[in-house]
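Coordinate inspection notes
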Amino acid sequence: MLLETIGGAPFHMSPSQYGHRKDTRLIIDLVPGEGGMFSLENGCGIRFLTRSRLFPDERAAEPST
């Protein structure tokens with residue numbers, strides 16, 4: 001599934017992975033270092049750092065009735 005375009009590059013996720021992450025906000029940064037999970041990390045000295053946060057439950061902010 002195409003989720004977004006980041007810096008002109010498409011960012012995809014498998015439908016099954018999206019099913020697990022659909023309630024989260026993904027935060028993707030470039031940081032110095034070596035990795036091995038994404039193609040950008042192929043010996044370039046930079047890697048992706050991916051973090052996630054749950055979307056706030058907007059219903060929790062509503063008063064109880």
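Just so it is clear, the model here is predicted, and its values are computed rather than measured. (Residues numbered from 1 in each chain as written. Predicted model: local features only at pLDDT ≥ 70, side-chain atom pairs only at ≥ 80, totals over all residues. Heavy atoms only, no water.)

Considering all chains together, one arrives at one salt bridge under this definition. Of the charged contacts, one joins Arg51 and Asp29 as a salt bridge, the two residues approaching to 2.4 Å between their closest N and O atoms. Here the residue Arg51 occupies a position in strand 4 (residues 46-54), and Asp29 occupies one in strand 3 (residues 24-32), the gap between them amounting to 22 residues. Judged by relative accessible area, Arg51 falls into the partly exposed class, the value being 38%. (Salt bridge = Lys/Arg side-chain N within 4 Å of Asp/Glu carboxyl O. Helix = DSSP H or I, 4+ residues; strand = E, 2+ residues; numbered from the N terminus. Buried < 20%, exposed > 50% of the residue type's maximum accessible area, 1.4 Å probe, protein only.)

For the rest of this paragraph, the subject is the side chain of Thr24. You can see Thr24 is positioned in strand 3. At a separation of 2.7 Å, a polar atom in the side chain of Thr24 contacts the main-chain carbonyl oxygen of Arg21. Sequence-distant contacts of Thr24, defined by excluding residues within four places in its chain, comprise Ser52, Arg53, Leu54 and Phe55. (Polar contact = N/O pair within 3.5 Å; in protein donor to acceptor, adjacent residues only side chain to side chain. Contact = heavy atoms within 4.5 Å.)

To continue, consider the environment of Ile27. Considering the arrangement of structural elements, one finds Ile27 in strand 3. Once the C-alpha coordinates of Ile27 and Arg51 are considered, the two residues, 24 residues apart in sequence, prove to be 5.1 Å apart. Ignoring anything within four residues of it in the chain, the contact list for Ile27 reads Leu49, Thr50, Arg51 and Arg53.

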